[in-house]
Amino acid sequence: MSARRDAGALTRRGLVLLGAQGALMGVLALRMRQLQIADAERFRLMAEENRVNIRLIPPARGRIFDREGRPLAVNRQNYRVAIVREGTDDPEETLARLARLIDIPPRAREKALRELRAKPAFVPVAVAEHLTWEEFARVNANAPALPGVEVEAGLTRFYPQGELTAHVVGYVGRVSERELKEDGGRTPLYQIPDFQIGKSGVELKAEEILRGEAGVSRIEVNALGRVIREFEREEGKPGDDLQLTVDLELQRYAMERMKDESAAACVLDLTTGDVAALASAPGFDPNKFVFGISSKEWKALLDDPHRPLSNKTVSGQYPPGSTFKMVVALAALEAGALDPAERVFCNGRYKLGTSWFHCWRRGGHGHVDLHQSLAQSCDVFYYEIARRVGVEAIADMARRLGLGQAPPLPLPAVRSGLIPDKAWKRRAHKRAWQIGDTLNAGIGQGYVLATPIQLAVMTARIATGRQVTPRLVRARAGLPLPAPEFAPLGVSAAHLALVRGGMFGVVNDARGTARKARIAQEGMEMAGKTGTSQVRRITAAERAAGVIRNADLPWERRDHALFVCFAPYRAPRYAVSVVVEHGGGGSTAAAPIARDLMMRALFGPEPPITAYPPDERRRIEEERLRPPAPRPERPQSDRA
Amino acid sequence: MTFRDLDRDEPATLGAKLLRFNWALLLLVTAVACVGFLMLYSVAGGRLEPWSARQMVRFAMGVALMMAIAMIHVRFWRAMAPLAYLGGLALLAAVELFGSVGMGAQRWIDLGFVQLQPSEAMKIALVMALARYYDWLDRDKVSRPLWLLPPLAMIALPMALVLKQPDLGTALLLGAGGAVVMFLAGVSWWYFIAAAAAGAGAVAAVMASRGTEWQLLKDYQYRRIEVFLDPSSDPLGAGYHITQSKIAFGSGGLTGRGFMQGTQARLNFLPEKHTDFIFTTLAEEFGHVGSLALLGLYALIVLFCTASMLSNRDRFGALMTGGLTATFFFFFAVNMAMVMGLAPVVGVPLPLVSYGGSAMLVLMIAFGLIQSAHVHRPRRGL
């Protein structure tokens, strides 16, 4: 056989092979034509009808704990009862039987019946939620008599501490229409009926950390939406747990101590900036919001003049009054406008042009130096040095101490207060700044506003000389966050020491304004500053007739009582701020609360009785004998 | 005919080799690979990750490998053929012993950068070895029964190992590839007719063995065959893939739903949407026009390769080209037939399009060998 003949054979075979391949490809092309042209309509229809549905499995929300690991927000089983229309011959009768076993309000029954009629026969319609274990068991036991009744268990949020931490932890609720619209369908979890998201407090601000990731269950459904089968199930990723810096016992004490007031208290750990207590009284029960609050209860909360829904520690803005005097003193010392040894004469009033500015003490304080001006809270001294140093220097010092800016806390409605300066007044009031405005600012009145947390930060910064910044979260998913390092304030240590000395005098000097609120134990001494901020204008006529005593005024026109402090004086560990709205004088209404909180922070739940000043010991002992306040009422399902 | 006769026509320098390189074929291969990138991007929901970008890198590496192989003289590959075959057999035996288990079958050897599927590599090695055999064998002896035994053994040995894995699809493709080389080599028609009859008998035997102690296939393979014959017998069970694949395919219509608009694949009807069932996504999104276009591209590749084979006077090169071309053809034809419900679901990827490093590697080696045969071919004076 020659090479040529052989090559010819290979060509023949090759062409035969090519022909066969071509024929097969022709078959493939014909099949494509059949499927995609001839039967396209049929398959397109099948594609529409026969769809895979993705059903989301809500993730377990991250829990929230206090600094000792005590639960503040947890998830608990929520038993629900639903009726499937196709499962029963007579849905109305089934519903009636169910109503004999568990409590279903008539309104809910009507709603369920309406939904049962409107929705497809296989869709479960929720009839009752938050069943107790007993109710759940009763329904289960009677299952044979209840055709079409389905019982489901899900998770719902519960706040075991009730109103104690309501403002900090916040609460969750259903996704509102507005949130759905703003989200624009980006968050598939929002589509889950009854999915709960943070509405307030840390629950709101740490929503993304707490939420976790949805699981997915892929199910096949037919054109009607009936589930045919589940292909696969991918469990979600639960949200991260958060540990707050708040100490529940301290928080509890603060809330109980202030329960009859409209007040706010903050306790800051000076080394870490940890917010050990952030109490705003009165509180409210966050569980009511989770379980659905009645419009009556809601209205009562809104109409309460003590504003229980507001977190006053970060949202309440008050004129800081005399607690602002440290700022003015530091501004003057740093600017060289005040000699530490200098004395200013106070005769009870200060003249500026044609008008008079009054000291709270009608007779005046006589000659006062810096230490006495703080200890006795002389107003005239501060009119004088505020005028000397000017508002810009005061505003600058205030900002360095953390005022006039919102502290970086994961809470909603954290307000920034107000530190006025010339530019601000031109912008906001379209008028030039007056020297009188400076004088008012010098005693923390006029335009100046601060929140209780800002006052605590200010005190912390004075006490440490460092830029202490508050933090509320201690650990995420069990991992502690790094302890922050605070940079120095850049204020002269000698000047800070002078001001701290004055604050020591406030509490410990014989003539200090808050002597009753001192700590009697050596080495634990406290330094502080009282403040009483006016909420009304005292007219010349009233002043002439004698200023009306707070007790004689209606509540809402009384002065706010303020107190800030830190302790121990020589090695500061905590700073406390207390604001009692319309409480009267800072020394009487706010200082004792602040001191008692400080004692608990320093000594734990049972501070030694000898650490209290002798005239306070009886009251404290009586307080300890009193039985503890009853726990907040728990919602129904807690019986489970 | 000796090599000295052919040497006149051979390109000596790299430049001359590049000049004779089959650039049109590379262009076609690249075009098909680009379709693959596009579809992988689409099934990932419009993301390069996790498939498309990695596939691009693999393809780029594959092109480099192909060029390198093409530049080496086909003589070298002929010399390597027995070694490649024995190496392939050794690897097949190795996966049997310590290969990892993927999708219920032992098929992979992890090389670190890519998971090698020895059964894929065997497709090439077998074709090479058979081409070498028939190049060596006197033409007169091609159809003598005694001389048929070595090639049959060469085919049967790897087939048996692959069947044991078990991978029915690859085993059948191996057999078909080998048969094509024998056919091209000039083995008498009668043998093929006889083999077809024997095959039918074997199928009958396999089907009959079901449920007995000496059952030849795994249960899932029987189910696939059964469902292939009648998909509607179990539309939500084993017939699910075929039914859904047909729905996806058909719902594309003439022009398709548009790029990234396919619903069937994206909603995970098809668990292997990025590998074996990627053609359905293409059909759903680009319709009849798109699927015909891809088929056209494949047809052109087959045509170009066949033309190269027909113009090659070197017997080894021509036989190898023909065998590899047929292997490539079986690849896409079986995959397309499978997703269109014309063949049982056997787990054959769509060449150059389906995601997978092993298949890509093997295909690019195959094209490199075809190119090497093309570049170094002594042209035929017909």
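Shown above is the structure to which this text applies.
Residues numbered from 1 in each chain as written. Chains lettered and ligands numbered in written order. Predicted model: local features only at pLDDT ≥ 70, side-chain atom pairs only at ≥ 80, totals over all residues. Heavy atoms only, no water.

This brings us to the packing of aromatic side chains. Tallying each qualifying case throughout the model produces 32 aromatic pairs over all chains. Ring centres 6.0 Å apart and planes at 20 degrees place the aromatic pair F259 of chain B and F286 of chain B in the stacked group. Remark: F286 of chain B occurs in helix 12 (residues 278-310) and F259 of chain B occurs in the loop between helix 11 (240-251) and helix 12; sequence separation between them is 27 residues. Arranged with centres 5.2 Å apart and planes meeting at 70 degrees, the rings of F328 of chain B and F367 of chain B form a pair that is edge-to-face. Taken together, the residues span a long stretch of sequence, with F328 of chain B in helix 13 (residues 315-339) and F367 of chain B in helix 14 (residues 357-375) at a distance of 39 residues. In this pair, the class of F328 of chain B matches that of F367 of chain B, namely buried. Members of the aromatic cluster, connected to one another through ring pairs, are Y298, F328, F329, F330, F332 and F367 of chain B. In this structure, R13 of chain A packs its charged tip against the face of F183 of chain B, placed 4.6 Å from the ring centre. In this arrangement the basic side chain of R42 of chain A is found over the ring face of F43 of chain A, its NZ or CZ atom lying 4.8 Å from the centre. (Phe/Tyr/Trp six-rings, centres within 6.5 Å; stacked < 30°, edge-to-face > 60°. Helix = DSSP H or I, 4+ residues; strand = E, 2+ residues; numbered from the N terminus. Buried < 20%, exposed > 50% of the residue type's maximum accessible area, 1.4 Å probe, protein only. Lys NZ or Arg CZ within 6 Å of the ring centre and 35° of its normal.)

Residues and elements named next belong to chain A. The sheet built from five strands is open, its strands ordered 14-13-23-22-21 with antiparallel pairing. The sheet terminates laterally at strand 14 (275-281) and strand 21 (527-533), the two strands that pair on one side only. Mean inter-strand twist for the sheet, computed between neighbouring axes without regard to direction, equals 5 degrees. Relative to strand 23 (residues 574-580), strand 22 (residues 560-567) is paired through seven bridges, and the arrangement is antiparallel. (Pairing = 2+ DSSP bridges. Axes fitted to C-alpha atoms, helices over the stretch in contact; angles between N-to-C directions.)

Bringing the pattern of salt bridges into the picture now. Two side chains of opposite charge can pair, provided their charged atoms sit close to one another. Residue and element names in this part refer to chain A. Scanning the entire structure with this criterion turns up 35 salt bridges over all chains. Its salt-bridge partner being D241, residue R63 comes within 2.8 Å of it at the nearest N-O pair. In this pair, R63 is assigned in the loop between strand 1 (51-57) and strand 2 (64-65) and D241 in the loop between strand 11 (237-238) and strand 12 (242-244), connecting sequence segments 178 residues apart. E182 serves as the salt-bridge partner of R178, at 3.4 Å between the closest nitrogen and oxygen. Of this pair, R178 and E182 both sit in helix 7 (residues 177-183), four residues apart, which is roughly one turn of the helix. For R178, a relative accessible area of 60% translates into the label exposed. Among the residues examined, E182 registers a relative accessible area of 54% and is labelled exposed. Through salt bridges with shared partners, a single network forms among R257, R595, D596, E616, R619 and E623. (Salt bridge = Lys/Arg side-chain N within 4 Å of Asp/Glu carboxyl O.)

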